[in-house]
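Observations on the three-dimensional arrangement
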Amino acid sequence: MKIGIFDSGIGGLTVLAELIKKYPNNKYYYFGDNINAPYGTKSKEELLKLSNKIINFLNKKDVDLIIVACGTISSNVFDKLPKDTKIYDVISPTIDYINNSNYENIGLIGTNMTIKSKTFEKRINKKIIARSCNDFVPYIENEQSLTDIIPKYMNIFKDKVDVLILGCTHYPIIEKELNDYLDSKIPLINMGTILADSLKLGNKEKQIRLYFSKVNHTLISNIDKIIKEKYYLEEVVLED
Ligand code: DGL
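Described in the following lines is the structure provided in the data block. Note that the coordinates shown come from a computational prediction; the quantities given were computed from them, not determined experimentally. (Residues numbered from 1 in each chain as written. Predicted model: local features only at pLDDT ≥ 70, side-chain atom pairs only at ≥ 80, totals over all residues. Heavy atoms only, no water.)

**Considerations on the packing of aromatic side chains**
This is how the line gets drawn: Stacked, tilted and edge-to-face are the three classes assigned to paired rings of Phe, Tyr and Trp, where Trp is represented by its six-membered ring and a pair needs centres within 6.5 Å; plane angles under 30 degrees give stacked, over 60 edge-to-face, the rest tilted. For the purposes of this entry, the term helix denotes a DSSP run of H or I that reaches at least four residues, the term strand denotes a run of E that reaches at least two, and both are numbered from the N terminus. Partly exposed residues are those whose accessible area sits between 20% and 50% of the maximum for their type, while under 20% is buried and over 50% is exposed, using a 1.4 Å probe and protein chains only.
Per the counting criterion, the structure on display carries seven aromatic pairs. The interplanar angle of 75 degrees and the centroid separation of 5.1 Å between the aromatic rings of F57 and Y211 together place this pair among those described as edge-to-face. Pair noted here: F57 is in helix α2 (residues 44-60) and Y211 is in strand β9 (residues 207-212), with a separation of 154 residues, a long-range link. Judged by its relative accessible area of 1%, Y211 falls in the buried class.

Next comes the structure, spelled out in structure tokens:
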């Protein structure tokens, strides 16, 4: 089975890693638009335009299904994306999971656009404390330490929530730093894990192909921290 996955940069690799864990033998085609990252501050029009270009690219690779491994696109423009290839958003399985859980006080962190969309609040019938963490994605993409900026964003959650949704797929990359600050007292929800559990994929032949709009040393170092398998990597300029 050929599976297309995309995000603004390395964030969706956390989803890919969860899929590989559960279904190691598939053909994965990943596109990371790191030249245009971050997506979290872009308008809906821009998000739609970029998503359409990426979906076009993945369709040319003949993928059987596409996973939108981006919380920002999933919560803002998913309904407007072309549906000729089967397409899954990354947030719905997490929303279902939280609705069916015993958690009552929910924490949510995400990008500006994800939090502004209020998509989680509209679809989850529980008390939500939400915070956009604007600086996180550029820091993560550039491999900068977040230790100094984490308290500013995370202090509102201490002793206030039973669980914290990592509403941006970049955030599992800094899971350790978040846990350190929260003294590991709040379970963190990785949307990729819940998505992988919700899917039923084949398991035949292994191939991991990664395409990024900009390839450099920082990118490779980031990929190697997340993807522990052998992969093919190529820089690609998207067509209009
Ligand atoms: N990883 C994406 C998300 O889940 C995009 C983050 C960004 O580029 O701002 O929202």
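**Overview of the sheet that holds strand β5 (residues 105-110)**
The criterion, for reference: For two strands to count as paired, DSSP must find a minimum of two bridges between them. Think of each axis as a best-fit line through the C-alpha atoms, taken over the contacting stretch in the case of a helix, with angles from 0 to 180 degrees between the N-to-C directions. Should any heavy atoms of two residues lie within 4.5 Å, those residues are counted as being in contact.
Reading across from one edge, β6-β5-β7-β8 is the order of the four strands in this open sheet, with parallel pairing throughout. Each edge of the open sheet is held by one strand with a lone partner, namely β6 (127-132) and β8 (188-190). The average angle at which neighbouring strand axes cross in this sheet is 25 degrees, direction not considered. Each of β7 (163-166) and β8 is contacted by helix α10 (residues 191-198), which is oriented at about 50 degrees to β8, the strand it contacts most.

**So, the site of the ligand**
To keep it simple, the criterion reads: Near is defined per residue: the residue qualifies when any heavy atom it owns lies within 4 Å of the molecule or strand. N or O atoms closer than or at 3.5 Å make up a polar contact, with two conditions inside protein: a donor-capable atom paired with an acceptor-capable one, and, for residues adjacent in sequence, both atoms drawn from side chains. All accessible areas in this document rest on Shrake-Rupley with a 1.4 Å probe, and a residue is counted as covered only by the protein chains that are shown. In this classification, Asp, Glu, Lys and Arg are treated as charged, Ala, Val, Leu, Ile, Met, Phe, Trp, Tyr, Cys and Pro as nonpolar, and every other residue, Gly included, as polar.
Taken together, 13 residues are adjacent to the ligand, and S8, Y39, G71, T72 and H170 come closest. In the environment of the ligand, a nitrogen atom lies 3.1 Å from a nitrogen or oxygen atom belonging to the side chain of D7. Protein coverage of the free-state accessible area of the ligand, which is 300 Å², stands at 99%. Split into classes, the residues belonging to the shell around the ligand amount to five nonpolar, seven polar and one charged.

**Details of the pattern of salt bridges**
What counts here: Note on definitions: salt bridges are taken to be side-chain nitrogens of Lys or Arg within 4 Å of carboxyl oxygens of Asp or Glu.
As enumerated under the stated definition, the model contains nine salt bridges in all. Close ionic contact of D180 with K176 constitutes a salt bridge, the shortest N to O distance being 2.7 Å. Of the two residues, D180 and K176 are both situated in helix α9 (residues 175-181); the distance of four residues between them amounts to about one turn of the helix.

**A short note on the nonpolar core**
For soluble globular proteins, the rule of thumb is that nonpolar side chains tend to be buried together. For clarity, the threshold we go by: Residues grouped as a nonpolar core are buried Ala, Val, Leu, Ile, Met, Phe, Trp, Tyr and Cys residues, joined through side-chain atoms within 4.5 Å.
Grouped together as the largest cluster of nonpolar side chains are 62 residues, with contacts concentrated most on L13, L16, L19, I109, F136 and M154. Per element, the largest residue contribution to this core is six residues, and it comes from helix α1 (residues 13-22). Discounting chain neighbours no more than four positions away, the residues touching L19 are I5, P24, Y28, I67, A196, L199 and L201. One finds I54, V68, I73 and F78 within the second-largest nonpolar core, a separate group that totals 23 residues.

**Remarks on a positive patch on the surface**
Using the following cut-off: A patch is a set of surface residues, each over 30% in relative accessible area and not in a salt bridge, joined within 9 Å for like charges and within 5 Å for the nonpolar side chains Val, Leu, Ile, Met, Phe, Trp and Tyr. Within this scheme the basic residues Lys and Arg register as positive and the acidic residues Asp and Glu register as negative, but His and the chain ends are omitted. Charged groups are reduced to one reference atom each: NZ for lysine, CZ for arginine, CG for aspartic acid, CD for glutamic acid.
A cluster of basic residues, K44, K80, K116, K118 and K122, forms a positive patch on the protein surface. Positionally, K116 belongs in helix α5 (residues 112-117).

**Section: the pairing of strand β10 (residues 232-235)**
Going by this rule: Handedness of a crossover is defined as follows: with both strands directed away from the viewer, a clockwise route from the first strand across the helix to the second makes it right-handed.
Pairing analysis gives four bridges linking β9 to β10, with the strands arranged parallel. Bridging from a neighbouring strand, F212 pairs with E235 of β10. As a crossover connection, the stretch from β9 through helix α11 (residues 217-226) into β10 is right-handed.

**Digging into the packing of α1 against α10**
Formally: For this classification, under 35 degrees means roughly parallel, over 145 means roughly antiparallel, 65 to 115 means roughly perpendicular, and everything else is oblique. For any pair of crossing helices, the crossing counts as left-handed if the nearer helix is rotated counterclockwise from the farther one by less than a right angle, and right-handed if it is rotated clockwise.
One can describe the packing of α1 onto α10 by two numbers: an axis separation of 8 Å at closest approach and a directional angle of 40 degrees. Comparing the axis directions of α1 and α10 gives the class oblique. Seen from above, α1 lies across α10 with right-handed handedness. Along its contact with α1, which presents V15, E18, L19 and K22, the element α10 presents G192, T193, L195, A196 and D197. Residues of the contact of α1 with α10, tallied by class, amount to four nonpolar, two polar and three charged.

**Focus: unusual backbone geometry**
A cis geometry characterises the amide bond from A37 onward to P38, with omega recorded as 0 degrees. Within the fold, P38 resides in the loop between β2 (27-32) and α2. We note that D159 has phi near 60 degrees; this positive angle belongs to a residue other than glycine. Structurally, D159 is set in the loop between α8 (150-154) and β7.

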